[in-house]
Amino acid sequence: MTSTNSDPETITGIVPVIPTPFDAAGEKIDFDALSGLVEFAVESNAAAACLPAYGSEFYKLTEAERHRLVEAAIAAAGGRLPVMAQCNHGSPQIAAEFARGYVEAGADVVSFALPRLFPLPEGELVDFARVVCEAVSVPVLVQDFNPAGATVGADFCRELHARCPNFRYIKLEEPHMGAKVEAIREATADRVAVLEGWGGLYTLELLPAGIKGVMPGLSVTDVLAEVWRLGIADRIDEAFRLFAPLTVWLTFALTDMELFNVLEKRLLFKRGALNGPATRPATQHLGVDLLEHADFLAGQVIRVADGLGTGA
């Protein structure tokens with residue numbers, strides 16, 4: 001199966017985060033392996049692909065490494081799916097500089113996470129986002145990953161879209177936000193699409209509210225693409241049968257972000273999409289018992305993925 005959604009203005013469906021593949025020591029980026037991961041995204045019916053994000057270990061990469069990753073992903077995609085380049089930084093001016101460079105390299109969409117290291121009033125967050133949005137003309141996705149508190153909502157989206165019409169997507173990562181999704185849609189007349197993050201754990205919960213996509217790790221893209229297809233066709237029982245094993249895996253893996261990155265690469269390795277599961281230090285090192293349980297859960301996901309298209 002190949003991607004069918006190639007318009008960066010109307011991305012709908014599954015948008016995986018591409019992890020950064022390293023050599024065994026976690027020192028050098030393996031760009032040949034990166035091409036294989038992009039190919040996996042295409043074959044898994046991804047609507048677009050995003051990097052370098054939290055799930056790409058962007059916080060361990062130099063500026064030059066981030067730029068090379070974006071360039072390499074664009075080349076590997078070859079126009080078959082949009083590439084969403086993430087330009088995270090605590091300074092809006094530096095994030096804007098990254099964004100301009102990524103667009104010059106050919107990125108179809110720019111994304112960035114709102115700064116959440118310290119509490120900031122919403123007006124400051126709007127101003128931060130405006131600086132980045134105004135730096136480019138391509139569509140922009142704003143991510144709000146805020147483990148310490150509430151994420152932005154309808155007022156933020158209304159104000160930013162009024163100032164920056166290229167703000168087209170918001171990625172939120174919280175449960176029980178159906179009412180927030182509906183409020184954002186109403187406040188922006190559906191001109192800002194809500195994409196669900198947090199590994200895709202809340203996909204079925206939020207489909208009825210009108211989310212336009214899901215941004216998970218790459219390893220489960222094909223399964224979630226089928227869950228999405230069945231869900232929007234209102235075939236919820238069928239979607240749930242595929243989705244249920246993922247919820248156990250994701251609940252386990254999302255204990256913290258670094259653990260997720262370790263287990264995401266391990267699952268990609270087990271699926272034959274990655275030639276080694278190395279993460280760059282500092283990272284998590286799991287004991288034997290945890291690894292055995294992780295591998296058991298990974299096996300359940302692989303069984304579901306292997307049964308796609310077979311009726312299993």
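Worth saying up front: this structure is predicted, and the values here are computed from it rather than measured.

A. Structural view of the overall build of the chain. From N to C terminus, the chain includes 11 helices and 8 strands. Taken against the 2.2 N^0.38 rule, which gives 20 Å for 312 residues, the C-alpha radius of gyration of the chain at 18 Å falls within 12% of a compact globule. Each principal axis of the C-alpha atoms in the chain carries an extent, and together these give about 50 × 45 × 35 Å. Every one of the 312 residues in the chain was classed for burial, and the buried ones make up 59%. Counted over contacts in the chain with a minimum sequence separation of 6, partners at least 24 positions apart contribute 73%. A total accessible area of about 12800 Å² is found for the chain, and carbon and sulfur atoms account for 54% of it.

B. Examining the sheet that holds strand E5 (residues 140–144) more closely. With parallel pairing, the 8 strands of this open sheet are ordered in space as E1-E8-E7-E6-E5-E4-E3-E2. Pairing within the sheet leaves two strands with one partner each, and these edge strands are strand E1 (13–14) and strand E2 (49–51). With 3 bridges connecting them, strand E3 (residues 83–86) and strand E4 (residues 109–113) associate as parallel partners. Looking across to E4, one finds that Ala85 is bridged to Val110.

C. Inspection of the pairing of strand E6 (residues 167–172) at higher detail. When you tally the buried positions in E6, you get 5 out of 6 residues, the bulk of the element. Handedness of the β-α-β unit built from E5, helix H5 (residues 154–163) and E6 comes out right-handed. With 4 bridges joining them, E6 and strand E7 (residues 193–196) adopt parallel strand pairing. Residue pairing across strands places Lys171 opposite Leu195, the latter belonging to E7.

D. Spatial organisation of helix H10 (residues 257–270). Taking 1.5 Å of rise per residue, the 14 residues of H10 would be expected to cover 20 Å, and the 20 Å separating its terminal C-alpha atoms lies within 8% of that figure. A large share of H10 lies buried, amounting to 11 of its 14 residues. Inspection of H10 places Met257, Glu258, Leu259, Phe260, Asn261, Val262, Leu263, Glu264, Lys265, Leu267 and Leu268 among the buried residues, and these make up the whole buried set. Elements that come into contact with the buried residues of H10 comprise helix H1 (31–43), helix H9 (236–253) and helix H11 (288–306). One side-chain oxygen at the N-terminal end of H10 lies 3.0 Å from the backbone nitrogen of Glu258; it belongs to Asp256. Where H10 ends, the next residue or the one after it, Gly272, has phi of about 80°, a positive value.

E. Broad picture of the packing of aromatic side chains. Tallied over the full model, the rule gives 7 aromatic pairs. Between Phe98 and Tyr102, the ring centres sit 6.4 Å apart and the planes meet at 40°, which makes this aromatic pair tilted. Taken together, the residues span about one helical turn, with Phe98 and Tyr102 both in helix H3 (residues 92–105) at a distance of 4 residues. Exposure class is identical for Phe98 and Tyr102. Each is buried.

F. Main features of the side chain of Asp144. By the element assignment, Asp144 lies in strand E5. Judged by relative accessible area, which is 0%, Asp144 ranks as buried.

Reading the values: rules and limits
- Residues numbered from 1 in each chain as written.
- Predicted model: local features only at pLDDT ≥ 70, side-chain atom pairs only at ≥ 80, totals over all residues.
- Heavy atoms only, no water.
- Helix = DSSP H or I, 4+ residues; strand = E, 2+ residues; numbered from the N terminus.
- Rg over C-alpha atoms; globule rule 2.2 N^0.38 Å.
- Buried < 20%, exposed > 50% of the residue type's maximum accessible area, 1.4 Å probe, protein only.
- Contact = heavy atoms within 4.5 Å.
- Areas by Shrake-Rupley, 256 points an atom, 1.4 Å probe, with all protein chains shown as cover.
- Pairing = 2+ DSSP bridges.
- Right-handed = clockwise from strand over helix to strand, strands pointing away.
- Expected span 1.5 Å × (residues − 1).
- Polar contact = N/O pair within 3.5 Å; in protein donor to acceptor, adjacent residues only side chain to side chain.
- Phe/Tyr/Trp six-rings, centres within 6.5 Å; stacked < 30°, edge-to-face > 60°.

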